[in-house]
Amino acid sequence: MTLYRLAKNSKVVEALVEAAENGKQVDVLVELKARFDEENNIGWSRRLEDAGCHVIYGIDKLKVHSKLCLITRKSKKGIEYITQIGTGNYNEKTARLYTDLQIITSNSEIGIEANKVFTALSFGEVVEETNHLMVAPKCLQNKVLALIDDEIEKARTGKEAYIGLKLNSLTDKKIIDKLIEASNAGVKIDMVIRGICCLQSGIPGYTDNIRIISIVGRFLEHSRIYIFGKGEEEKMYISSADFMTRNTLRRVEVAAPIYDEKIKHRLNHFFNTMLIDNCKARVQCANGEYEKVVNEFPKTNSQELFYEEAYNNVESIKEEKENRKYKNSVFVDLFYEDESAEKNDIALYNALHDEPLPEGTKVEKIRVENVLYMNFQNDISVVILLEM
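Residues numbered from 1 in each chain as written. Predicted model: local features only at pLDDT ≥ 70, side-chain atom pairs only at ≥ 80, totals over all residues. Heavy atoms only, no water.

1. A few points about the nonpolar core
Reasoning step 1: Counting 43 residues, the largest nonpolar core has Ile85, Ile213 and Leu267 as the members making the most contacts within it.
Reasoning step 2: A total of six residues in this core trace back to one element, the largest contributor, which is helix H4 (residues 108–122).
Reasoning step 3: Ignoring anything within four residues of it in the chain, the contact list for Ile213 reads Met191, Val192, Ile193, Met274, Leu275, Ala281, Arg282, Val283 and Val293.
Reasoning step 4: Of all hydrophobic cores here, the second largest spans 34 residues; its members include Ile163, Leu170, Ile180 and Ile210. (Core = buried A, V, L, I, M, F, W, Y, C linked by side-chain atoms within 4.5 Å. Buried < 20%, exposed > 50% of the residue type's maximum accessible area, 1.4 Å probe, protein only. Helix = DSSP H or I, 4+ residues; strand = E, 2+ residues; numbered from the N terminus. Contact = heavy atoms within 4.5 Å.)

2. Overview of helix H1 (residues 11–21)
The periodicity of an α-helix, 3.6 residues per turn, causes residues three or four positions apart to be oriented the same way.
Reasoning step 1: Every buried residue of H1 is listed here: Val13, Leu16, Val17 and Ala20. One face of H1 carries all of its buried residues, which in axial projection span an arc of 100 degrees.
Reasoning step 2: Looking at the buried side of H1, the elements it contacts are strand S1 (2–3), strand S2 (27–30) and helix H2 (38–50).
Reasoning step 3: Gly23 occupies a position one or two residues after H1 and carries a positive phi of about 95 degrees. (Arc of directions from axis to C-beta.)

3. Notes on H2
Reasoning step 1: With 13 residues, H2 should reach 18 Å at 1.5 Å per residue; the first-to-last C-alpha distance of 19 Å fits that figure.
Reasoning step 2: Residues of H2 that are buried include every one of Asn41, Trp44, Ser45 and Leu48, and no others. Projection of H2 onto a plane perpendicular to its axis shows the buried side chains occupying an angular sector of 105 degrees, all on one side. Relative to its buried face, H2 has exposed residues pointing more than 90 degrees away, namely Glu39, Arg46 and Asp50.
Reasoning step 3: The inward-facing, buried residues of H2 contact S1, H1, S2 and strand S3 (54–56). (Expected span 1.5 Å × (residues − 1).)

4. A look at the sheet that holds S1
Reasoning step 1: The parallel open sheet is built from three strands, whose spatial order is S1-S2-S3. The outermost strands of the open sheet, each flanked by one partner alone, are S1 and S3.
Reasoning step 2: Here H2 sits on the sheet in contact with S1, S2 and S3, set at roughly 165 degrees to S2. (Pairing = 2+ DSSP bridges. Axes fitted to C-alpha atoms, helices over the stretch in contact; angles between N-to-C directions.)

5. Brief notes about the packing of aromatic side chains
For any two aromatic rings, the description comes down to two numbers: the centre-to-centre distance and the angle of the planes.
Reasoning step 1: Enumeration according to the criterion identifies three aromatic pairs in this entry.
Reasoning step 2: Between Tyr226 and Phe243 the ring centres are 4.8 Å apart and the planes differ by 40 degrees, which places this aromatic pair in the tilted class. Linking Tyr226 in strand S14 (residues 224–228) with Phe243 in the loop between strand S15 (235–239) and helix H7 (245–249), this pair joins segments that are 17 residues apart in sequence.
Reasoning step 3: The exposure class of Tyr226 is buried, given its relative accessible area of 0%.
Reasoning step 4: When the ring of Phe270 is compared with that of Phe306, the centres are 5.0 Å apart and the planes differ by 70 degrees; the resulting orientation is edge-to-face. (Phe/Tyr/Trp six-rings, centres within 6.5 Å; stacked < 30°, edge-to-face > 60°.)

6. What to know about the sheet that holds strand S19 (residues 290–292)
Reasoning step 1: Strand order across the open sheet formed by nine strands is S9-S17-S15-S14-S10-S11-S12-S18-S19, with mixed pairing between neighbours. Each edge of the open sheet is held by one strand with a lone partner, namely strand S9 (134–135) and S19.
Reasoning step 2: Two strands pair when backbone bridges link them, and strand S10 (residues 162–167) and strand S11 (residues 188–193) are joined in this way by six bridges, in the parallel orientation. When the bridges of S11 are listed, Leu167 appears paired with Ile193.

7. Let's talk about the pattern of salt bridges
Reasoning step 1: According to the stated counting rule, one finds 13 salt bridges in the structure shown.
Reasoning step 2: Measuring nitrogen to oxygen at the nearest pair gives 3.0 Å for the salt bridge that ties Glu221 to Lys166. Placement of the pair is Glu221 in strand S13 (residues 220–221) and Lys166 in strand S10, with a sequence separation of 55 residues. Lys166 carries the same exposure label as Glu221, and that label is buried.
Reasoning step 3: Its salt-bridge partner being Asp177, residue Lys173 comes within 2.9 Å of it at the nearest N-O pair. Of the two residues, Lys173 and Asp177 are both situated in helix H6 (residues 173–185); the distance of four residues between them amounts to about one turn of the helix.
Reasoning step 4: Judged by relative accessible area, which is 58%, Lys173 ranks as exposed. (Salt bridge = Lys/Arg side-chain N within 4 Å of Asp/Glu carboxyl O.)

8. Side note on the packing of H1 against H2
Reasoning step 1: Running from N to C, H1 and H2 point in directions that differ by 15 degrees, and their axes come no closer than 9 Å. Classified by the angle their axes make, H1 and H2 are roughly parallel. Both H1 and H2 take part in a crossing whose hand is right-handed. Along the contact surface, H1 presents Val13, Glu14, Leu16 and Val17, while H2 presents Trp44, Arg47 and Leu48. (Parallel < 35°, antiparallel > 145°, perpendicular 65-115°, else oblique. Left-handed = near helix turned anticlockwise from the far one by under 90°.)

See below:
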């Protein structure tokens, strides 16, 4: 697991400590060069070492900024991988203040490449080549440039070409120049960039196919999304990396491909909703200034809308659980629901004891609600002669 910024009372670290103390092999890279968190990270790294974790202290001249967790286990099928890749830190405090994304996948090819990343880090090296993940500093910027080139080629051959980017900042000159080239070729480009942006949009004949907005709201926009293409040819990634030279060339960053169509649809919903935000969004003008977004859509505050959707999803799940009907098991039917259930309870008791119960013995039946096994309600207790 890679750790960059941690909370002062980190439950993540405590979980890793517990895993190590329970006999699991735990390898953790703690970035000691995380600005303003150096002392905090040193303290946590000592806690991890004391618990028996193998701690790696970053790489010389590079910061490890990736948000990567890999669980490896052996099963009858062989080695299995569960990979978590995110845009935000494993930090309970900032998780309440920032907007971030993560994906958890059992895709073995992604797991193998994540393992390749950790192997390289353990030797103080970086990954040179990948097929699925983008991993800075050697194979992120070049892959982004190649994906932009693909969209340029589509536009020049008359096909629909599109690039959508959500970033904190944009300063990488190579990527900026390539985006300008894409705009000149006719590629439509939408960007949501909260902070520094060194690209000026809307200049006729130069960047007139580029639209840039910034959203500053209740939560700090921190997720990164890369979208290349539309429809069946769409390629989508979430990433820890902004398009800044410090991220693309001087840090270890990881971008994860999104292969699942449902997840792609959800991320497109997030991105497209931000593009029509007319409450907290500001659009960049050709003179470099920002103005409040004015459009034909109803009042849309993207952050409030996402918050409401998340809350409603939780409530609908709760309601579904409350309204769900389950079958009783045969055991419950015989010893609780059936008309002869009390006789059956006494017969069972007599079969398990040397002395039979006297006639007329009272039986108290007890149920604990919503105790399930394989979608069957399977809980029953019986009190006979004050014994359960």
